[in-house]
Structure formats: C-alpha cells, structure tokens
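So the chains spell out like this:
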Amino acid sequence: MVTYLLRRILTLVPLLIGITLITFTVIHLAPGAPVEMQLDMNPKVSAESRERLRKFYGLDKPLHVQYVAWLGKLAKLDFGQSFAPDNRPVLDKIKERIPVTLRLNIIALILEFALAIPIGVYAATHRDTLADKGITIFVFIGFAVPTFWLALLLMYLFGVKLGWLPISGLQSLGYEKLSWWGQLWDQAKHLVMPIGVATFGSLAGLSRYMRSNMLEVIRQDYITTARAKGLSERVVIYRHALRNALLPVITLLGFSLPALIGGSVIFETIFAIPGMGQLFYQGVMARDYPLVMGILVIGAFLTLVGNLVADVCYALADPRIRHGQK
Amino acid sequence: MMNRLLFCLVLAVCCPLVSCSTSEPPAQQQLKREPGTPARGDAFILGSIGEPSNLIPLLSTDSASHDVSGYVFNGLVKYDRDLNLVGDLAESWVTSPDGLVITFSLRRGVKWHDGAEFTARDVLYTYRVTVDPATPTAYAEDFKQVKSVEAPDAYTVRVTYKQAFAPALASWGVAILPSHLLEGKDIMKSPLSRKPVGTGPYVLKEWVAGQKLVLEAFDDYFESAPFISRLIYRIIPDSSTMYMEMKAGGIDMMGLSPVQFARQTDTQRFKSRFNKFRYPAFSYTYLGYNLRNPLFADKRVRQALTSAISKDEIIQGVLLGMGQVAKGPYKPGTWAWNPTVKDYGYNPERAAQLLAEAGWTKKNSEGILVRDGRPFRFTILTNQGNEQRLKAAQIIQQRLKAVGIDVRIRVIEWASFITNFIDKRNFEAVLLGWTLGQDPDIFDVWHSSKTGAKELNFIGYRNKEVDRLIEEGRSTFDQEARKRCYWRIQEILAEDQPYTFLYVPDALPAVSARFRGIDPGPIGLMHNFIKWYVPKAEQVY
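Within each chain, residue numbers correspond to sequence positions counted from 1 in written order. Ligands are numbered from 1 and chains lettered from A, in the order in which they are written. Per-residue local features are limited, in this predicted model, to residues with pLDDT of at least 70; the limit for side-chain atom pairs, both in listing and counting, is 80 or more; totals at the level of whole chains, interfaces and linings are taken over all residues.

1. A look at the environment of Arg-52 of chain A
Okay, so step 1: A helix here means a DSSP run of H or I that spans at least four residues, while a strand means a run of E at least two residues long, and both kinds are numbered starting from the N terminus. Among the secondary structure elements, Arg-52 of chain A is positioned in helix 3 (residues 47-57).
Okay, so step 2: As a rule, residues whose C-beta atom has 12 or fewer other C-beta atoms within 10 Å are exposed, those with 20 or more are buried, and those in between are partly exposed; C-beta atoms are placed from the backbone. In this structure Arg-52 of chain A comes out as partly exposed when scored by C-beta crowding, with 18 C-beta atoms within 10 Å.
Okay, so step 3: A C-alpha to C-alpha distance of 9.7 Å links Arg-52 of chain A and Val-35 of chain A, two positions 17 residues apart in sequence.
Okay, so step 4: Residues contacting Arg-52 of chain A, with those up to four places away along its chain left out, are Pro-133 and Pro-136 of chain B. Two residues qualify as being in contact provided that their C-beta atoms, derived from the backbone, are within 7 Å of each other.

Right, dumping it as structure tokens:
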C-alpha cells in the first residue's frame with residue numbers, strides 16, 4: 001500500500017508538468033495577447049506604449065523562455081503577477097475568491113448528495129412506478145433547463161414580484177450594521193437562489209447513478225439471501241444493499257474535489273457572486289496568462305489529488321479491493 | 001476622465017451612462033416629483049458590469065476604473081455641461097498667440113483627501129511619471145508634443161509645445177496625481193491603486209473585492225461638498241441581473257436598452273419610481289468597406305450601397321426608433337457636426353443606376369449582379385455579443401439583395417476579429433461602431449498615415465484633401481477655423497462614402513425619482529452630480 005502510494009505521488013510530478021506545458025502553449029496560441037486586449041482600437045495608444053507594456057510583461061521573449069521562467073517561479077510556489085492593470089500577485093487574487101466559491105460549493109455538494117442519494121434509492125426500489133417516472137422527469141428538467149434562464153425567472157418571481165429574496169450579490173447594503181444573527185440571516189437569504197439553482201441542476205447525474213447502482217445491487221445473490229433469511233425490507237435495502245451501492249459514490253466524491261474550487265461562470269455571473277468562475281472567465285477574456293495558468297494548475301493539481309484520494313478511500317472502504325491487491 | 005477614452009470601439013453592451021449629449025433639450029425629462037429642499041445624506045447606488053482594475057487612472061484602460069476614479073481625481077481642465085472646456089484644478093489659462101505655450105493658473109487652497117495642499121508640484125509629477133519610459137501606461141501619447149513643462153511658482157504651470165496642437169488643452173484633463181505620496185516611489189507598487197488619494201468630490205472608503213466600492217463625500221471639496229453622502233458601485237456582471245436589481249430598487253441608475261426603455265419599463269409603477277432620459281449618445285455605428293478590395297474601389301459603388309440601405313428602417317428595427325441617422329463621424333448638434341451634408345436617403349433606383357454606371361448591368365439566374373463573369377458578393381463581419389449590430393447587418397443583407405448584391409454575414413469573437421481580420425486587413429466589409437470624444441480631431445481614424453499595422457484607418461482611406469484639413473484642424477485653437485475644416489471633411493466623406501454611416505443611438509438612462517437637481521445637458525447627466533440631492537423625507541440609506 002505504501003509503495004503504491006509513493007509511486008502514485010511520484011507520477012504526479014511529470015503529469016503536472018505535462019499538463020502545464022500543454023495548457024501554456026494552448027493559451028498562448030489563442031488569438032489576442034494581453035496587451036492587445038487592453039489597448040486594441042484605442043487611438044490614444046501608440047506603438048511605443050504597446051511595446052513598453054509588452055516588455056513590462058515579458059511578452060517580448062520567445063515562448064519557451066517565458067515558459068521556463070514561469071515554471072521556475074512555480075517551483076517556488078510563486079504564481080507570478082497578474083497581467084491586469086492592478087498587477088497584483090495571482091495568488092492574492094485567487095485567495096480572495098476561494099472562500100466564496102468554496103462555501104457555496106460545499107453547501108451545494110452536501111445538498112446534492114443529501115437529496116440525490118435518497119431520490120436514487122427511492123426510484124430504484126419503486127422502479128417503473130409513477131413515482132419513479134415523475135422523479136426522472138423532475139431531475140431531468142433540472143438537468144436540461146438553462147441555468148441563466150431559470151435564475152432570471154426565479155429572480156423575477158422572488159426578487160422583483162414578491163420581494164422575498166435579494167436578487168444578487170452576497171450581502172445587502174448596510175450589512176455591517178446588522179447584528180450577528182442578522183448578518184447570518186442576510187447571507188442565508190442571498191444564498192438561497194444560487195444554491196437552489198446549482199443543486200437542482202446537478203441532481204440528475206448523481207440520482208440516476210445511484211438508481212442504477214442500487215438496481216444492480218438488488219439483483220445480487222446476497223440480497224436474495226438476506227430476504228430469504230426473513231429480514232425486513234428496510235434492513236435489506238438500507239443495511240445490505242445501500243452500503244454496497246454507495247461504494248462507487250466515493251469515486252464521485254473524489255472527482256468533486258477540483259469542482260469545489262471551480263465555480264460556474266454562468267451562475268456566478270448571473271447572481272453577481274465574486275467566485276472563481278468569474279475570476280477565471282475574466283482572466284481568459286483579458287488574456288491574463290499568469291492568472292489563467294495559476295487557476296488551471298491548482299485545478300489540475302486538485303484533480304490528480306482527488307483521483308488519488310478516491311482510489312485510496314475506495315480501497316479502505318471496500319475489503320474486496322484491499323485484499324485483492326496482494 | 002471621459003475625454004480619455006476618446007474613440008474606443010463601442011463594445012458588446014455599451015453602457016451609455018456618462019458620456020451623452022445633445023443640442024436640443026433632452027426629450028423625456030419632466031420630473032414627476034416636487035423638487036423639495038436640498039438636503040445632505042442618502043446614497044446613490046450604481047451597477048458596474050466590470051470591477052475596476054486600478055484606481056490610478058494613468059495605469060488602467062477599463063471604463064470601470066475610469067468611472068470610479070473620475071469621482072476621486074480632477075484634471076486641470078474639464079468639459080462643462082455644454083461641452084466647453086473650463087477650468088477644474090486650473091482657475092484659468094492663457095494660450096500664447098502662436099499656440100505654442102499654455103500657461104495655467106492653478107486654484108489655490110485645494111486639498112488632497114489626506115489634507116495636504118495641491119500645488120504645481122503635483123502637475124509636474126503627473127507629467128513626468130506619464131512620459132517616463134518605465135511607466136507602463138497607455139497615455140504617454142497625450143504628452144508627446146510637449147517640449148517642456150515648468151512651474152515658475154507653486155500656482156503656475158507653463159507648458160511649451162513643439163508645434164501648435166489643438167487637442168493639447170483637453171489632454172490636461174488627465175487626473176492629477178498626488179506627488180507627495182508617489183514621488184520617488186514605484187507607481188506600479190503603490191497602494192494608491194486600491195486606495196486612491198485625490199482632490200475629487202468623493203473619497204474611496206471601502207472596496208470589497210468583486211462586490212462593491214463605497215465612496216464617501218469629501219467635505220472639503222473645492223467646489224462645494226456634495227449633497228449625496230455616499231456613492232456605491234455594486235459589481236453586477238450581467239446586464240439582465242442589473243435590470244432586475246433596478247426594478248427591485250437595488251440600484252438607482254442604469255442605461256436601458258431600447259426594448260427596456262420602450263416596452264418593459266412603460267408601466268405606471270416604473271414611471272412613478274424612475275425618471276427616464278433620452279438623448280443622442282457619443283457614438284455611431286457604421287458599415288466600413290475595405291478600400292483595398294477592387295470591389296469597393298469605385299466610389300459610385302459605395303454610393304450605390306449607401307443608397308440601397310434604408311437607415312431609417314435600421315433605426316426602427318434595431319433601436320425601436322431611438323436613434324438618428326448618421327451622415328458623418330460627428331454627433332448631431334455638436335459644433336463640428338455639419339447639418340448641411342448631402343444625404344441621398346434610401347433610393348434603390350439611384351443605387352441601381354450608379355451600379356450600372358460602374359459596370360454592374362447584368363444579373364445572373366439568381367438575380368445577383370454580374371460583371372466580367374463574377375457575381376457581386378461580399379461578407380459583412382461583425383463582432384460577437386452585439387445583437388444590435390447583427391440585426392443591422394441582417395436588414396442590410398435584405399436591402400442589398402433587392403438591388404442584386406449577395407451579402408453574407410459572419411460573426412466573430414472579438415479577439416479573433418481584431419487579430420485575424422482587422423489587423424491582417426482580411427475583410428471585405430465590417431459593421432462596427434466608434435465612441436466619440438469631445439474634441440473633433442479625427443486624425444487617428446481618417447488620416448492616410450494611420451493605415452499601418454494595428455492603426456485605426458484599417459479600411460485604408462486615403463484622400464489628400466482630407467489629410468490636409470485634418471492637419472489644419474488640429475493645429476489651430478480657433479474654433480471657427482477648425483469648424484471650417486471639419487465641415488468640409490464631412491462633405492468629402494459624404495461624397496466618398498468610405499463608410500456607410502448608419503446611426504447615432506440614443507443613450508437611455510433611468511434614474512431613481514428620489515434624486516433631484518438633475519440637469520441634463522449636451523454632455524449627459526453626471527456633470528453636476530455634486531448638486532444632486534434627495535429631500536430628507538425620501539432618503540432611504
């Protein structure tokens with residue numbers, strides 16, 4: 001187990017370098033450079049000013065030189081300075097956004113699992129009934145409806161017409177003056193719509209997955225045995241079947257690790273939530289290479305770690321895998 | 001600060017809040033509430049699509065940064081309500097008879113937000129840091145013609161130019177920076193980029209990253225302390241969300257789209273809570289022809305294209321009538337705009353006749369004009385994300401089809417549009433827009449020396465007389481003489497039709513009705529913001 005882990009961790013390094021090399025090249029291939037994105041079509045800008053900025057950002061050097069310089073900094077965990085006019089360290093910009101996205105995604109993830117697993121189990125145990133079909137339709141509507149459209153409709157209903165919920169942002173104006181409870185309540189109200197929309201959209205995947213796992217497990221011999229022993233249906237389903245059907249979900253949780261910091265551009269933009277999705281999108285639009293690379297590296301790293309953690313947890317949870325390895 | 005971003009292309013959704021103007025009094029301005037008595041207090045809440053990047057205006061090019069820093073800093077001069085240059089930090093100025101020396105007398109007793117006094121030293125510093133090759137700024141060009149800047153005493157600044165240059169005076173509208181906080185330090189690392197110290201009517205109090213910026217009234221402001229106590233920019237990246245926020249009372253002002261203005265806000269409820277304003281914006285939309293392409297070399301062909309397009313129909317279809325026909329590169333009502341320019345209007349017969357004169361006489365089986373065996377066919381390129389331009393292109397497509405011209409439309413993402421098509425001159429026709437500055441100098445877009453790589457005369461327009469007139473117009477301070485140049489240029493452009501000038505859209509802002517003292521003028525709404533107030537009884541924040 002230990003050597004296996006070590007080997008996996010060692011392979012992470014070349015993998016990460018490979019990923020950065022490819023993304024670095026691809027980003028620089030996209031038309032438009034940071035300087036141009038800032039200055040194009042502005043007659044006040046002369047060729048000299050443009051050259052001045054290019055030099056300032058180090059864009060006058062050949063691509064491989066830029067890459068090596070960037071990688072050298074990264075080795076010291078320095079993500080460099082943003083190319084945006086604020087010229088702040090990329091890490092500061094990311095740090096400022098991560099808590100928002102993380103909080104939102106953790107709540108949404110908990111809700112998603114808390115809802116999708118029971119839904120999947122229920123649909124499996126009531127297979128082909130009206131309830132199963134109703135659930136299927138419901139979760140697929142969530143999957144198919146465009147986020148921005150649903151968000152706007154909800155905003156209009158709850159924000160403009162009924163006035164129950166704030167429309168966008170994370171806090172009301174005058175938030176500072178509220179009591180501790182008032183602040184908590186204010187924040188909660190702001191989160192209802194974004195989290196509701198995010199959760200609704202993600203129910204389909206997990207609940208369908210859960211349903212088919214469950215159906216598969218129910219067909220197994222040991223379930224028949226359990227029933228033959230005369231155990232109640234409740235015990236059969238929740239103790240014997242569910243535990244086994246939940247195993248693959250561990251893998252899904254591992255995959256969710258990078259998603260926790262990767263915000264969704266669409267709903268962050270619609271709800272004016274200053275999260276990672278917005279930051280990344282703005283970075284891409286402005287061709288802010290260091291920022292984009294920084295976020296991608298963190299994302300790639302978390303994906304690799306997530307996979308590793310999922311594999312390890314899987315082994316820990318499932319004795320068949322643990323023992324089968326020897 | 002608006003005069004900074006002179007010509008930048010009107011991007012996807014332009015926010016025509018600040019720079020708007022007209023000669024006639026703005027249409028819809030009967031305010032529905034009693035004026036009440038001026039009182040201090042309350043807050044004015046604005047939505048901003050983007051987050052400012054750097055509040056030292058010298059270092060940023062985005063409009064969000066310039067909007068905010070416009071309330072924090074002052075220039076030596078500014079444009080007033082009626083678009084005249086007046087003193088701001090300068091009390092007055094004298095231009096030498098040959099136009100080479102401008103001497104500014106500075107206002108005395110002006111305080112920086114930290115209490116230090118404003119003097120000529122600050123002006124000298126601002127000039128030096130701008131032209132310093134180590135400063136990565138986009139604005140060094142403003143001062144390129146300057147030979148020297150001196151300060152004979154603490155309240156006088158003398159600028160000497162290499163040659164007389166009319167836009168020079170307006171270029172001193174740049175934000176003056178505090179030398180006592182910046183001199184001898186690296187401006188790129190200055191904390192002032194997130195915590196600016198200026199001389200303006202508002203002081204930045206708080207900046208919550210990605211969410212909002214809060215500005216507070218500066219009681220020692222040299223003109224007079226503003227009535228509105230706080231100015232809050234909320235960052236709302238989506239314009240639909242912003243519109244909902246306005247309806248729910250979350251923001252106090254935004255620029256509406258024509259549909260929102262004409263239909264969605266035409267309710268009693270909305271009208272009782274908001275005042276809507278309407279006046280021509282400082283921009284125009286055009287169809288530009290690549291003059292290097294033999295297809296468009298003949299000016300009769302270009303005249304024919306213009307005659308075959310119904311501009312009124314485009315204004316109705318795209319702007320719901322909220323705009324006016326453009327005949328040249330100036331905003332109707334400004335002094336440089338020539339009202340007598342000939343416009344043939346929509347006239348398909350004239351178009352057919354002109355095309356026939358240019359040799360396009362036969363039509364093929366599809367009804368497309370053919371000359372030397374080649375059909376009259378071209379592609380209009382426009383940028384992604386601008387619904388109005390796409391619709392205008394489609395209307396043009398229909399009209400040109402009627403006279404036998406086959407038009408295709410291609411929509412391209414902005415960065416790719418510029419690098420792969422505009423910069424490489426790889427286009428036949430483009431549908432784009434320009435934002436106009438207050439100074440009528442159009443050197444960068446129309447002078448034949450500006451056809452090089454990355455330069456803005458990308459259609460390749462060359463006309464010796466226009467070149468001469470542009471040079472003449474920028475080398476004199478005499479408005480009458482300048483006017484003669486620009487009026488003549490418009491006549492030549494109307495004849496040459498290098499662009500088909502399409503329309504000047506209206507700016508359509510709505511402002512919460514609790515704000516009084518709004519005085520719409522040719523420059524727009526915000527020019528007297530420090531005089532706006534909310535009567536005590538109606539204050540919300």
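From this point on, the discussion continues.
2. A closer look at unusual backbone geometry
Residue and element names in this part refer to chain A.
Okay, so step 1: For Leu-77, which is not glycine, the phi torsion reads 60 degrees and is therefore positive.
Okay, so step 2: Residue Asp-128 is not a glycine yet carries a positive backbone phi of 65 degrees.
Okay, so step 3: Its location among the elements puts Asp-128 in the loop between helix 5 (90-125) and helix 6 (130-144).
Okay, so step 4: Using a count of 8 C-beta atoms within 10 Å as the deciding quantity, one classes Asp-128 as exposed.

3. Let's talk about the sheet that holds strand 4 (residues 90-95) of chain B
All names here are of chain B.
Okay, so step 1: When DSSP finds two or more bridges between two strands, those strands count as paired. One open sheet holds the four strands; their spatial order is 4-5-7-6, and the pairing between them is antiparallel. Here the strands that pair on one side only, and so sit at the sheet edges, are strand 4 and strand 6 (146-153). Strand-to-strand twist of the sheet, defined as the mean angle between neighbouring strand axes without regard to direction, takes the value 20 degrees.
Okay, so step 2: Note: strand 4 against strand 5 (residues 101-106), five bridges, orientation antiparallel. Paired with Ala-90 across the bridge in strand 5 is Leu-106. Think of each axis as a best-fit line through the C-alpha atoms, taken over the contacting stretch in the case of a helix, with angles from 0 to 180 degrees between the N-to-C directions.

4. Describing the interface of chain B and chain A
Okay, so step 1: Residue-level contacts link 45 residues of chain B with 40 residues of chain A.
Okay, so step 2: Those elements that provide at least two residues to the side of chain B that touches chain A are strand 10 (228-235), helix 5 (239-247), helix 12 (414-422) and helix 13 (443-446) of chain B.

5. Description of the sheet that holds strand 18 (residues 374-375) of chain B
Residue and element names in this part refer to chain B.
Okay, so step 1: Judged by pairing direction, the sheet is antiparallel, and its three strands sit side by side in the order 16-17-18 without closing on themselves. The sheet is open, and its two borders are formed by strand 16 (362-363) and strand 18, each paired with just one other strand.
Okay, so step 2: Taken together, the two bridges between strand 16 and strand 17 (residues 369-371) define a ladder with antiparallel strand orientation. Looking at the pairing, Lys-362 lines up with Val-370 of strand 17.

6. Quick word on the pairing of strand 21 (residues 429-435) of chain B
Residue and element names in this part refer to chain B.
Okay, so step 1: Most of strand 21 is tucked away, with seven of its seven residues classed as buried.
Okay, so step 2: The alternating pattern of strand 21 places Ala-429, Leu-431, Gly-433 and Thr-435 and Val-430, Leu-432 and Trp-434 on opposite faces, both of which are buried.
Okay, so step 3: Bridge count for strand 19 (residues 377-383) against strand 21 is two bridges, and the pairing is parallel. Along strand 21, the bridge assignment pairs Leu-381 with Val-430.

7. A look at helix 4 (residues 63-75) of chain A
Okay, so step 1: How far a helix is expected to stretch is found by multiplying one less than its residue total by 1.5 Å. The end-to-end C-alpha distance of helix 4 of chain A is 18 Å, a good match for the 18 Å that 13 residues give at a rise of 1.5 Å each.
Okay, so step 2: Looking at the residues trailing helix 4 of chain A, positive phi occurs at Leu-77 of chain A, about 60 degrees.

8. Considering helix 10 (residues 233-261) of chain A
All names here are of chain A.
Okay, so step 1: Its 29 residues place the ends of helix 10 40 Å apart at the C-alpha level, agreeing with the 42 Å of an ideal helix rising 1.5 Å per residue.
Okay, so step 2: Along helix 10, the residues that are buried comprise Val-236, Ile-237, Ala-241, Ala-245, Gly-254 and Leu-257.
Okay, so step 3: Elements that come into contact with the buried residues of helix 10 comprise helix 5, helix 8 (180-218), helix 9 (221-228) and helix 13 (289-317).

9. Digging into the environment of Arg-50 of chain A
All names here are of chain A.
Okay, so step 1: Checked against the element boundaries, Arg-50 lands in helix 3.
Okay, so step 2: Look at Arg-50 and you get partly exposed, because 19 C-beta atoms sit within 10 Å.
Okay, so step 3: Along the chain, Arg-50 and Val-35 lie 15 residues apart, while their C-alpha atoms are 6.7 Å from each other.

10. Brief notes about the confidence of the model for chain B
Okay, so step 1: Values of pLDDT, which run from 0 to 100, indicate the predictor's confidence residue by residue. Of all residues in chain B, 94% attain a pLDDT of 70 or more, and the chain-wide mean is 88.
Okay, so step 2: Among the prediction metrics, the complex's ipTM stands at 0.80, with pTM recorded as 0.83.

11. Here's the deal with the environment of Met-155 of chain A
Okay, so step 1: By the element assignment, Met-155 of chain A lies in helix 7 (residues 147-161).
Okay, so step 2: A tally of 26 C-beta atoms within 10 Å means that Met-155 of chain A is categorised as buried.
Okay, so step 3: Spatially, the C-alpha atoms of Met-155 of chain A and Glu-176 of chain A are 24 Å apart, while their sequence positions differ by 21 residues.
Okay, so step 4: Each residue touching Met-155 of chain A, except ones within four places of it in the same chain, is listed here: Val-160, Ile-167 and Met-193 of chain A together with Thr-241 and Met-244 of chain B.

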